[in-house]
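As a plain string of letters, each chain reads:
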Amino acid sequence: MADLRNNFVGIKSPNPFWLASAPPTDKAYNVERAFKAGWGGVVWKTLGEEGPPVVNVNGPRYGAIFGADRRLLGLNNIELITDRDLYTNLREMKQVKMNWPDRALIASIMVPCEEQAWKSILPLVEETGADGIELNFGCPHGMSERGMGSAVGQVPEYIEMVVRWCKQYTRMPVITKLTPNITDIRRPARAAKAGGTDAVSLINTINSIVSVDLDNFAPNPTVGGKGSHGGYCGPAVKPIALNMVAEIARDPETYGLPISGIGGITTWRDAAEFLVLGAGNVQICTAAMTYGFKIVQEMITGLSDWMDEKGHRSLDDITGRAVPNVTDWQYLNLNYVAKAKIDQDACIKCGRCHIACEDTSHQAITNVVNGLRHFEVIEEECVGCNLCVNVCPVENCITMEPLAAGTVDRRTGRVVDPNYANWTTHPNNPMARQAAE
């Protein structure tokens, strides 16, 4: 049986599945239930500085995007950091860690961007026995307007400065949580590394307005007739998160920096994708809020079964395995040629492939042959874009079949070249011509 034990920057947990800092980790009651369900660790809901707690709205805090079957695809929230007293949280954290010494307990922290504020709170957190801290530089709403959260995460110099403070004033491992609301995720990651961070976590939520109430003309969620931008999460953000994780994992300046992957993880397969793209573990929130804490049991079983099937003995066997296969567009092999192929026995003759190709692509799929409804790829027109694969409602009915080297591509009339070639040396590339000249 695959070994799912996780060691993330020295923080040990029985599996790589942690609950992210959010409402599910706001109090001991929730966290205890999560650990009983099987979660390997939690990042406690973000703590603020000593004094009056922050004030959350007393009305709707969530907006949602649904699929056709009302399955939750995206969640927008306008909730802030914990609105419970700092010392209440600290007492509960200490008790939970005593009760569950084998589980990871991380304290998420957000205080003003002042050295004394960080210096003051770190010893208090350390006294709880927490395994590490996560610096919340990602929250895009409410706290950012106060000069915290993503307001810090969008300025690499601030990130490096605060990380240095934390490394100076605590023995605990420091995980820097990054905001996706930035042009190039590599810059804040590099800054965190320069400051001495032990790891980064990403992504935090994406700035968003998910919908507008067309009766009241206000964004959702609506509070007293008004709405605000909030943080977007859930399955819909997964592609963005995967890309940003991969960018950090393959950047020469941050290569080897431990990553805790966050963003839309709902199944074991989602988690595995983050792991193979370089994440050392994963954090999950929306899936737990949608389906409950026991969803982790399916994740543990699914990941373990897949690893057993593929012969992977431990998480080290899969972590980062896909990173070498992530490249820039200019390095893709332009001599690779593939064509769509429709399995006539599996085809239900719905016509979606034909409509998509006829109206929006390359007119490479028939709809009538010899007077009968029939869908077949016209090789002379097919560019191999695979749009038809993605719109077909029948799994594996349409597949992409590569042309063997030496055969003729009937669309171009050229023989498929077995040699690798990319855009950097292509004769149509003006930069390549300039270099040659």
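Provided above is the structure to which this section pertains.
Since the structure is predicted, the reported quantities are computational estimates derived from the model, not experimental observations. (Residues numbered from 1 in each chain as written. Predicted model: local features only at pLDDT ≥ 70, side-chain atom pairs only at ≥ 80, totals over all residues. Heavy atoms only, no water.)

A. Here's a closer look at unusual backbone geometry. Cis rather than trans, the peptide bond between Leu202 and Ile203 has omega equal to 10°. Secondary-structure assignment places Ile203 in the loop between β10 (199-202) and β11 (206-208). Residue Pro221 is reached from Asn220 by a cis peptide bond, and omega for that bond is -5°. For Pro221, the position within the fold is in the loop between β13 (218-219) and β14 (230-233). Located in the positive-phi region is Lys349, a residue other than glycine, with phi close to 60°. (Helix = DSSP H or I, 4+ residues; strand = E, 2+ residues; numbered from the N terminus.)

B. Highlighting a nonpolar patch on the surface. A cluster of nonpolar side chains, namely Ile209, Val212 and Leu214, defines an oily patch on the protein surface of about 300 Å² accessible area. For Leu214, the location among the structural elements is in the loop between β12 (212-213) and β13. Accessibility expressed as a relative area gives 65% for Leu214, which makes it exposed. (Patch = residues over 30% accessible without salt bridge, like charges linked within 9 Å, V, L, I, M, F, W, Y side chains within 5 Å. Areas by Shrake-Rupley, 256 points an atom, 1.4 Å probe, with all protein chains shown as cover. Salt bridge = Lys/Arg side-chain N within 4 Å of Asp/Glu carboxyl O. Buried < 20%, exposed > 50% of the residue type's maximum accessible area, 1.4 Å probe, protein only.)

C. Quick peek at the pairing of strand β7 (residues 104-109). Counting buried residues in β7 gives six out of six residues, a clear majority hidden from the surface. By the bridge criterion, four bridges tie β7 to strand β8 (residues 132-136) in an arrangement that is parallel. Its bridge partner being in β8, Ser108 is matched across the sheet by Glu134. With helix α3 (residues 115-126) bridging β7 and the parallel β8, this β-α-β connection has right-handed handedness. (Pairing = 2+ DSSP bridges. Right-handed = clockwise from strand over helix to strand, strands pointing away.)

D. Spatial organisation of the side chain of Asn89. Here Asn89 shows up in helix α2 (residues 86-99). Within the structure, the side chain of Asn89 is placed 2.9 Å from the side chain of Trp44, a separation counted as a polar contact. If near-sequence neighbours (up to four positions away) are discounted, Asn89 is found in contact with Asp26, Trp44, Leu47, Thr82 and Arg84. (Polar contact = N/O pair within 3.5 Å; in protein donor to acceptor, adjacent residues only side chain to side chain. Contact = heavy atoms within 4.5 Å.)

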